[in-house]
Amino acid sequence: MQVSIYRMMFNRKVLNQLLPYLSVKSAYILANQVELLKNKLGFDEAFNYKEEHDLDAALKRHFPEGIDIYFDNVGGKMLDAVLLNMRLRGRIVVCGMVSQYNHDKPEGVNNLMSLVYKRVRMEGFVVFDYLHLYSEFLDTILPYIRNGRVVYVEDIIEGLENGPAALVELLKNKLGFDEAFNYKEEHDLDAALKRHFLEGIDIYFDNVGGKMLDAVLLNMRLRGRIVVCGMVSKYNRDQPEGVNNLMSLVYKRVQMEGFVVFDYLHLYSEFLDTILPYIRNGRVVYVEDIIEGLENGPAGLVSIFSGQNIGKTVIVVAHA
């Protein structure tokens with residue numbers, strides 16, 4: 001059996017490494033890290049799709065007998081090429097269509113008749129449908145991890161002093177921001193904002209106040225909006241800083257309004273209906289800082305105000 005897996009949404013590296021024990025051939029299609037996948041994570045083959053001018057030919061080269069199972073999170077041209085290479089009664093698991101998310105006009109998939117000719121089964125997959133099986137998954141996978149039959153890769157930053165640079169990279173490379181900067185490294189916040197927002201700022205969600213808000217006010221665009229959710233820069237000061245540039249509200253006709261989330265709790269179910277599909281298909285991602293044990297809760301709270309956390313801080317009291 002030959003299996004092609006593009007991207008596992010949940011525990012992709014785990015499943016990929018189990019494939020050799022299932023007597024199957026596995027391959028991974030990606031833009032970089034080919035050697036890591038083959039030498040560290042145990043794939044039989046891997047190739048960089050950006051270097052391939054003919055995806056159909058590339059798949060035939062790696063899967064001369066065709067593909068039995070394809071886990072798809074890409075869609076578009078890659079899915080079209082895979083459809084031509086599926087074996088009789090193969091299976092395609094569709095987890096996302098990442099190639100289409102930023103297109104003004106989505107690409108069509110042209111080779112769906114392969115489903116008919118080859119009796120291929122194609123079905124959508126959302127990981128949340130299987131959360132009730134998570135404890136069983138742990139019972140299965142942890143022994144493989146402990147004995148080294150399944151390995152994983154971590155990006156480790158040495159030293160808390162390197163945390164801000166790692167956070168900037170996280171914001172840009174994982175969370176999808178166009179730009180990010182460490183305000184503690186900027187001696188002139190006004191200049192930093194002008195560098196990143198050449199045409200000014202339309203909307204600013206403020207949880208900081210103080211000098212940052214002052215610099216933002218100077219860079220707001222005409223009829224811009226400022227949502228004020230907090231003033232964290234002021235909470236531990238004996239003498240609060242004043243905000244000096246409020247006249248920008250007048251000059252630029254800026255609307256500045258307070259925001260408290262509890263005013264909108266009645267809309268929470270509508271919010272979930274909107275946001276969960278984005279999370280499931282990978283268009284919205286999030287980061288959590290998980291603290292084990294209620295006894296470590298106070299230290300976790302302190303970490304929020306000392307800048308040690310990156311995502312939402314979650315305290316695990318007990319495992320189900």
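Cut-offs used in this document
- Residues numbered from 1 in each chain as written.
- Predicted model: local features only at pLDDT ≥ 70, side-chain atom pairs only at ≥ 80, totals over all residues.
- Heavy atoms only, no water.
- Axes fitted to C-alpha atoms, helices over the stretch in contact; angles between N-to-C directions.
- Helix = DSSP H or I, 4+ residues; strand = E, 2+ residues; numbered from the N terminus.
- Parallel < 35°, antiparallel > 145°, perpendicular 65-115°, else oblique.
- Left-handed = near helix turned anticlockwise from the far one by under 90°.
- Contact = heavy atoms within 4.5 Å.
- Nonpolar A, V, L, I, M, F, W, Y, C, P; charged D, E, K, R; others polar.
- Salt bridge = Lys/Arg side-chain N within 4 Å of Asp/Glu carboxyl O.
- Buried < 20%, exposed > 50% of the residue type's maximum accessible area, 1.4 Å probe, protein only.
- Phe/Tyr/Trp six-rings, centres within 6.5 Å; stacked < 30°, edge-to-face > 60°.
- Core = buried A, V, L, I, M, F, W, Y, C linked by side-chain atoms within 4.5 Å.
- Arc of directions from axis to C-beta.
- Pairing = 2+ DSSP bridges.

## Here we look at the packing of helix α3 (residues 55–62) against helix α4 (residues 76–85)
- Running from amino to carboxyl end, α3 crosses α4 at an angle of 45°, the nearest separation of the two axes being 9 Å. With respect to their mutual orientation, α3 and α4 come out oblique. Where α3 crosses over α4, the two elements pack in a sense that is right-handed. Side by side, α3 and α4 meet where L55, D56, L59 and K60 of the first sit next to K77, M78, A81, V82, L84 and N85 of the second.
- Here the residues of the contact of α3 with α4 are counted per class, giving six nonpolar, one polar and three charged.

## Digging into the pattern of salt bridges
- For the coordinates displayed, the defined rule picks out eight salt bridges.
- A salt bridge links R121 to E123; its shortest N-O distance comes to 2.6 Å.
- The class for R121 is exposed, based on a relative accessible area of 53%.
- Here R195 and E186 are joined by a salt bridge, their closest N and O atoms 2.7 Å apart.

## Focus: the packing of aromatic side chains
- Taken as a whole and assessed by the stated rule, the structure comprises six aromatic pairs.
- Judged by centre distance (5.8 Å) and plane angle (65°), the ring pair of F205 and F259 falls under edge-to-face. Within this pair, whereas F205 is found in strand β7 (residues 201–206), its partner F259 is found in the loop between β9 (255–258) and α11 (268–280), the two being separated by 54 residues in sequence.
- Under the relative-accessibility criterion, F205 is labelled partly exposed at 49%.
- Put simply, the rings of F71, F125 and Y130 touch in pairs and so form one group of aromatic residues.

## So, the nonpolar core
- Ranked by size, the top nonpolar core spans 17 residues in total, and within it L59, I67, Y70, M78, V82, M86 and I92 carry the most contacts.
- Listed in part, the 13 residues of the second largest apolar core include L189, L193, L213 and V254.

## A few points about α3
- Those residues of α3 that fall on the buried side of the exposure criterion are L55, A58, L59 and H62. One side of α3 holds all its buried residues, which, seen down the axis, span an arc of 95°.

## Focus on the pairing of strand β8 (residues 220–228)
- The sheet contact formed by β7 and β8 spans five bridges and is parallel. Along β8, the bridge assignment pairs I201 with M220.
- In this structure, β8 lies alongside β9, joined through four bridges in parallel fashion. Across the sheet, the residue bridging to V228 is G258, located in β9.

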